[in-house]
Amino acid sequence: MDVEILWQTILTDLQLQLSEVVFRTLISQTSLESINENKAVINCSNPMLINMIEKKYHNLIKKTLENYTHKEFDLVFLAKKNKAVNHIDGPLFTLKLPDSSMLSPSVIRINPDYNFNNFAVSSSNQMAYAGATAVAKNPGTSYNPLFLYGGVGVGKTHLMQAIGNAAVEKNPKIKTLYCTSEEFTNEIIEAISNKTTSQFKKKYRHVDILLIDDVQFIAGKYSIQEEFFHTFNAIYQVKKQIVITSDKPPEEINKLEMRLRSRFESGLTIDIGNPDFELRTAIILIKAKQKGCDLTIESAKLLSANIENTRKMEGVLTRVISESETKSLPIDNELIKNVLGKTLKKIPPSQKATPDEILKAVAEFYQLKISQLKGSKRDKIYSFPRQILYYLLRVESGINLVAIGEFLGGRDHTTILHGVRKISNLLSTDDSIREDVLGIKNRFSA
Ligand code: ADP
Ligand code: MG
């Protein structure tokens, strides 16, 4: 994680643990200068403050930091002059306050594991993936709003948060706000009753990317829709990005005001289909890898054949792993059956093309040799079919970028990613490329 983002996260957490005065006058003046294996250097522009912080809040900061990093650190407190903050011996209470928007809790709420690298792409979500990556790359300019819809567990929240993560990674200064429409609703109600609507407006309207999850919950709530309409316009007018998810397309959300519906429809609306068996298998493999578990493809397939709901996958996987660890048992049919507590469904016969079949089909279609496709000559007659190959491998075989790189003899995954993105963008505009892709698909799916 980026040092700046990490420290913002820690600060937001500390803000919740401390009184406002302590936070503002002391803790908010700190920054993380560096962090390595076992040492974190914390900076403060004011030597007077740094002593006080070290004396009183050393343990709290240490614990909070370790909560997020899962590592132990020795803390080193350093006083360092910094133009942005007041003079060394300035009075305590006139110190510059932190920019509150930098400390938005949404930074914490975005799950760093929900990123594009951890997102398996298949035909059911390929368009949504392409739209999301385009938006993350150029927020506010490509598709605005981006409206993603689909059933439970198809990956809407994952993709939405991936946009936030990718945009912040590219530009740490970018302000991203994630919330569900229920939270949005509650905050409006709270703001109205506490007479803090101007703060509410400031929070929601001064962002670069607003991510509103599960917008269907504002159906029928007309005063909330009214506020949402104004928030939408304020952000849209200054060309900031809005991303919305829902369980249905705008025209099917009952009791949604016409003007809001037409706003939603003015950008790009994409549906995400239910993940098929192969995609679920890919998702299980990704989740296992994140948990540091070397799941075999066979076990992943068995789990995928028996768990349709992606949201349950992580839970089941955790149980499978801990069962295997505590009882020193291999992860096999028996163990999986025990954990699931039911008779297992068999693994369905594969309908996906294998990487080899795809490679062969692309080579035949463009009348190239496999060695030419796998080779490194950059002439367009090779490089273009190669990019089509990357794209089809990613979308049709469900293997990830790194695995594709390895399959092609050690190619860098960023090269693959570049190709996949290029072809998926071209597919929406170029008929001849669509025809090529269809022609190739016919060869390996026949
Ligand atoms: P939704 O918001 O559409 O209900 P989520 O984004 O919460 O679905 O996804 C449910 C779970 O499935 C999450 O753990 C998410 O990481 C995982 N998931 C769904 N689709 C994918 C995918 N294509 N690649 C990787 N993980 C996925
Ligand atoms: Mg969701």
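Parameters and conventions
- Residues numbered from 1 in each chain as written.
- Chains lettered and ligands numbered in written order.
- Predicted model: local features only at pLDDT ≥ 70, side-chain atom pairs only at ≥ 80, totals over all residues.
- Heavy atoms only, no water.
- Near = heavy atom within 4 Å.
- Polar contact = N/O pair within 3.5 Å; in protein donor to acceptor, adjacent residues only side chain to side chain.
- Areas by Shrake-Rupley, 256 points an atom, 1.4 Å probe, with all protein chains shown as cover.
- Helix = DSSP H or I, 4+ residues; strand = E, 2+ residues; numbered from the N terminus.
- Domains from an automatic or database assignment.
- Pairing = 2+ DSSP bridges.
- Axes fitted to C-alpha atoms, helices over the stretch in contact; angles between N-to-C directions.
- Contact = heavy atoms within 4.5 Å.

**Let's talk about the site of ligand 1**
Here is step 1: In the vicinity of ligand 1 lie 18 residues, with Gly153, Thr157, His158, Lys287 and Arg311 positioned nearest.
Here is step 2: Within the contact set of ligand 1, an oxygen atom lies 3.2 Å away from a backbone nitrogen or oxygen of Val154.
Here is step 3: Relative to its free-state accessible area of 550 Å², ligand 1 is covered by the protein chains to the extent of 96%.
Here is step 4: Secondary structure elements with two or more residues in the shell around ligand 1: helix 6 (156-170), helix 11 (277-290) and helix 13 (310-326).
Here is step 5: Here the shell around ligand 1 spans two domains, since at least three of its residues come from each of domain 2 (100-271) and domain 3 (277-343).

**Examining the domain arrangement of the protein**
Here is step 1: Here the protein is described as being made up of domain 1 (3-79), domain 2 (100-271), domain 3 (277-343) and domain 4 (355-445).
Here is step 2: Between the C-alpha centres of domain 3 and domain 4 there is a distance of 31 Å.

**Things to note about the sheet that holds strand 8 (residues 268-272)**
Here is step 1: An order of 5-6-7-4-8 is seen for the 5 strands of this open sheet, with the pairing classed as parallel. Edge positions in the open sheet fall to strand 5 (176-180) and strand 8, since each of these has one partner strand only. Pairwise comparison of adjacent strand axes, ignoring direction, gives a mean angle of 15° for this sheet.
Here is step 2: As paired elements, strand 4 (residues 146-150) and strand 7 (residues 241-246) share 4 bridges and run parallel to each other. Opposite Phe147, over in strand 7, you have Ile244 as the bridge partner.
Here is step 3: The strands touched by helix 7 (residues 181-193) are strand 5 and strand 6 (209-213); relative to strand 5, the strand with the most contacts, the crossing angle is about 95°.

**Let's talk about unusual backbone geometry**
Here is step 1: With omega at -5°, the peptide bond leading from Asn144 into Pro145 counts as cis.
Here is step 2: Tracing the chain through its elements places Pro145 in the loop between helix 5 (126-137) and strand 4.
Here is step 3: Despite not being glycine, Asp214 shows a phi value in the positive range, around 55°.
Here is step 4: Along the polypeptide, Asp214 turns up in the loop between strand 6 and helix 9 (222-237).
Here is step 5: Here Lys239, not a glycine, exhibits a phi torsion of approximately 60°, which is positive.

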